[in-house]
Amino acid sequence: MRLAVTITMALSLIAGAAFAKTPYHDGTAEVIKPVDKSHPLDEVVSGYNFRKAMIRDVQDDDFENPGMLVADHGGELWDTVDGSAGKSLSQVFAGCAEVPLDVVGSIYPRFNNAAGKVISLEQVINMCRETVMGAKPYKWESRDMLGITAYIRMQSRGSRVNVAVDGKASAAFERGKKLYYQRVGQLDMSCAHCHEDNYGNYIRADMLSQGNINGFPTYRLKWNGVGSTHRRFRGCMKNIRAKPLPYGHEDYVALELYTAWRGNGLKVETPAYRN
Amino acid sequence: MKQTTQFSTISRRHALAMLGAAGVAVFAGVPAYADGAAVAAKIKGLTGGKSVGEGAIELDLPEIAENGNAVKVAFSIDSPMTADNYVKAVHVMADGNPTPDVASFNFSPAMGACRASTRMRLAKTQNIIVLAEMNDGSFKQAQATVKVTIGGCGG
Amino acid sequence: MAKIKPRVKVPKKAAVGEIVEIKALISHPMHTGRAKNKKTGKKIPRKIINKFVASFDGQDVFTANFEPAVSANPYIAFPFKASKSGAFTFTWVEDGGAEFTASKKMTVA
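Read on for a plain summary of the structure. These numbers were taken from a predicted model, which means no experiment stands behind them.

Summing up its helical and strand segments, chain A has 12 helices and 10 strands in all. The C-alpha radius of gyration of chain A comes to 19 Å, within 12% of the 19 Å expected for a compact globule of 275 residues. Projected onto its principal axes, the C-alpha coordinates of chain A cover approximately 60 × 40 × 35 Å. Evaluated residue by residue, chain A yields a buried proportion of 59% over its 275 residues.

With mixed pairing, 10 strands are arranged side by side in an open sheet as S2(B)-S8(B)-S7(B)-S4(B)-S5(B)-S5(C)-S4(C)-S7(C)-S8(C)-S2(C). Every interior strand has two partners, whereas the edge strands, strand S2 (64–65) of chain B together with strand S2 (13–14) of chain C, have only one. As paired strands, strand S7 (residues 86–94) of chain C and strand S8 (residues 99–108) of chain C are joined by 8 bridges and run antiparallel to one another. The residue of S8(C) that forms the bridge with C:Phe90 is C:Ala102.

The next subject is the interface of chain A and chain C. Interfaces are often sized by the amount of accessible area the parts lose when they come together. The interface is formed by 14 residues belonging to chain A together with 14 residues belonging to chain C. Buried surface at the junction of chain A and chain C, both sides included, amounts to about 1300 Å², of which 53% is carbon and sulfur. Among the residues chain A hides against chain C, the three largest losses belong to A:Phe63, A:Leu69 and A:Arg143. Together they make up 50% of the total. For the pair chain A and chain C, the number of links is 3 salt bridges. Of the charged contacts, one joins A:Asp72 and C:Arg7 as a salt bridge, the two residues approaching to 2.7 Å between their closest N and O atoms. Across the contact surface, chain A and chain C share 7 residue pairs in polar contact (both at pLDDT 80 or more). A breakdown of the residues in the side of chain A that touches chain C according to their chemical character gives 5 nonpolar, 3 polar and 6 charged.

Residues and elements named next belong to chain A. Enumeration over the complete set of coordinates arrives at 4 cavities of 30 Å³ or more. Lining the largest cavity are 20 residues; nearest its centre among them are Tyr108, Arg153, Ile213, Phe216 and Glu256. Elements with a contribution of two residues or more to the lining of the largest cavity: helix H6 (101–107), helix H7 (121–133), helix H8 (143–154) and helix H12 (250–262). Counting residues per element, the lining of the largest cavity draws most heavily on H6, which supplies 3 residues.

As a further point, take the packing of H7(A) against H8(A). All names here are of chain A. Orientation of H7 relative to H8, taken along the N-to-C sense of each, is 110 degrees, at an axis distance of 10 Å. Overall, the two elements H7 and H8 adopt an arrangement that is roughly perpendicular. Seen along the crossing, H7 lies across H8 with a hand that is right-handed. Along the contact surface, H7 presents Leu121, Glu122, Ile125 and Asn126, while H8 presents Met145, Ile148, Thr149, Ile152 and Arg153.

Our focus in this paragraph is the state of the cysteines. In the structure shown here, the tally under the stated rule is 1 disulfide over all chains. Free of any disulfide, A:Cys191 has its nearest cysteine sulfur in A:Cys236, 6.9 Å distant.

So, about the interface of chain C and chain B. The interface of chain C with chain B comprises 27 residues on the first partner and 25 residues on the second. Connecting chain C to chain B are 1 salt bridge. Between C:Glu21 and B:Arg115 there is a salt bridge; the shortest N-O distance is 3.0 Å. When contributions to the side of chain C that touches chain B are tallied by element, the ones reaching two or more residues are strand S3 (19–26), strand S5 (59–66) and strand S6 (75–81) of chain C.

All names here are of chain A. Orientation of helix H9 (residues 170–180) relative to H12, taken along the N-to-C sense of each, is 90 degrees, at an axis distance of 7 Å. In terms of their interaxial angle, H9 and H12 are classed as roughly perpendicular. For the pair H9 and H12, the contacting residues are Ala172, Phe173, Arg175, Gly176, Lys177, Leu179 and Tyr180 in the first and Asp251, Ala254, Leu255, Leu257, Tyr258, Thr259, Trp261 and Arg262 in the second. Residues that form the contact of H9 with H12 fall into these classes: 9 nonpolar, 2 polar and 4 charged.

It is worth spelling out the pattern of salt bridges at this point. All names here are of chain B. Following the criterion strictly, the structure yields 20 salt bridges over all chains and no others. Between Lys88 and Glu133 there is a salt bridge, with its nearest N and O atoms 3.6 Å apart. Here Glu133 lies in strand S7 (residues 126–134) and Lys88 lies in strand S4 (residues 87–94), a separation of 45 residues in the sequence. Taking relative accessible area as the criterion, Lys88 reaches 36% and is therefore assigned partly exposed.

Three or four residues apart is the spacing at which side chains of an α-helix point the same way, because the helix has 3.6 residues per turn. Residues of H7(A) that are buried: A:Leu121, A:Glu122, A:Val124, A:Ile125, A:Asn126, A:Met127, A:Cys128, A:Arg129 and A:Met133. Within two residues after H7(A), A:Gly134 carries a phi angle of roughly 65 degrees, on the positive side.

Counted according to the given criterion, the structure contains 25 aromatic pairs over all chains. Aromatic side chains C:Phe52 and C:Phe62 sit 6.4 Å apart centroid to centroid with 65 degrees between the ring planes, which places their arrangement in the edge-to-face category. One end of the pair, C:Phe52, is in strand S4 (residues 49–56); the other, C:Phe62, is in strand S5, and 10 residues separate them in sequence. By the burial criterion, C:Phe52 is buried, and C:Phe62 matches it. Members of the aromatic cluster, joined through ring pairs, are B:Phe75, B:Phe105, B:Phe107, C:Phe52, C:Phe56, C:Phe62, C:Phe78, C:Phe80, C:Phe88, C:Phe90 and C:Trp92. The ring of A:Trp223 carries the charged tip of A:Arg220 above its face, separated from the ring centre by 4.8 Å. Looking at C:Arg7, its charged tip hangs above the ring of A:Phe63, at a distance of 5.3 Å from the centre.

Parameters at a glance
- Residues numbered from 1 in each chain as written.
- Chains lettered and ligands numbered in written order.
- Predicted model: local features only at pLDDT ≥ 70, side-chain atom pairs only at ≥ 80, totals over all residues.
- Heavy atoms only, no water.
- Helix = DSSP H or I, 4+ residues; strand = E, 2+ residues; numbered from the N terminus.
- Rg over C-alpha atoms; globule rule 2.2 N^0.38 Å.
- Buried < 20%, exposed > 50% of the residue type's maximum accessible area, 1.4 Å probe, protein only.
- Pairing = 2+ DSSP bridges.
- Contact = heavy atoms within 4.5 Å.
- Buried area = accessible area lost by both parts, 1.4 Å probe.
- Salt bridge = Lys/Arg side-chain N within 4 Å of Asp/Glu carboxyl O.
- Polar contact = N/O pair within 3.5 Å; in protein donor to acceptor, adjacent residues only side chain to side chain.
- Nonpolar A, V, L, I, M, F, W, Y, C, P; charged D, E, K, R; others polar.
- 1 Å grid on protein atoms, 1.4 Å probe; cavity = no way out; pocket = protein on both sides within 12 Å on 5 of 7 lines; lining within 4 Å.
- Points joined across faces, edges and corners; volume = space filled by probe spheres on them.
- Axes fitted to C-alpha atoms, helices over the stretch in contact; angles between N-to-C directions.
- Parallel < 35°, antiparallel > 145°, perpendicular 65-115°, else oblique.
- Left-handed = near helix turned anticlockwise from the far one by under 90°.
- Disulfide = S-S within 2.5 Å.
- Phe/Tyr/Trp six-rings, centres within 6.5 Å; stacked < 30°, edge-to-face > 60°.
- Lys NZ or Arg CZ within 6 Å of the ring centre and 35° of its normal.

In structure tokens, the structure reads:
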């Protein structure tokens, strides 16, 4: 099975340089040198730079980018009073996130003292809603949750992703790293096969990026809508014929932390516009 | 066999002038297309069988669309847009979609220029045909091919 | 069902005779009527924004008719020649007649 997959991969992966008109290939991309010496790559690049102009142009314009419509919705919810405590998320969120509002979008997933573990932005929001606002939690992939997370991360747009993976976050980091390199599914592949070994190459007609998540939640043409990192992870796993985990699963939170760390130093681009 | 609608061919100089910037579609100047019967019928319905002129229409389409869900389609038509001389309507058609109509636009002199941009769904590689109707009842046309690739993977 | 909310870009100020660019984006799935609900297997009925109208001081200046081939979350950009100060009204019409509107003022000097 493994040999068949290797051959298939070899046949379907084509060096990108021959066909590409992407910033990564023509040298105009912003390339970050990883801060962490233990980073497996010597360059960190946003997924933006692996896309053609038709896609990049949309992200560059807030009036063309349909992801902004979801962020607008989140912006409305942000200031809306909800729940038995009569508060809006804007009034209480900084306390729940345990960090100032202008950095939340660039440093989550994060070890949260109240939760006692590493949690994602979605989990902070729901923890806040349930325990502080007395409001019902949002479903992970609902328009409301996508809107709020897009809105919050957008407040950090342009600042650098900077998730902490040391101290109390190190267990989740190690778990995420293990998952990243773990072969799964009938196609017996790991995240690394595409996003570490073959970024910049084509798989059939798609150019592979490094799989960074600095633009999430992102609008994807494939979805004709905005989706979370967990939706993306689930989709990847379905593609390699592995069983996807449920939204919010601890493993996905760990993987999210690890993947975010791989992109530390990249600018937050939420809401991004991608394939 | 009835006379088929005249399809515009772009003069070589005009085509070369427009081939400059990256991302601008290649003009095929092809007189007919494989399954264009629906488009031809639509054009005939709009023009009443009148001959269709060339020139003045610039199309902004990608050569290759990485995804067929939202392909940029934009056009710019050289016209003074005055009360006596303006583009009345522009029809955008795609000959490889389940139905050929994509969108139509009604312009007025108040706009000062004739151009528009939107995003369309393309089912596969096909020709995009833009038909412009002038206020004097004359028509102009341009077309280009957009290659649509099927993605590789990506959840 | 997703909320229908538009995002419109109109310059706040323009000079007389200046041709400005207007951009309008609205949230809408633009159901073509061809796709099937993955869970039920039934076809999702067609429901699209079929028309966009831009009017200035009550006068229609630009109309776009959309077919199902227009992408989800339809986007339109078009020019307008500024001549006097006034207000734009943008109207999106959905299959079935529901209308969504947005207004923007422009000062022309």
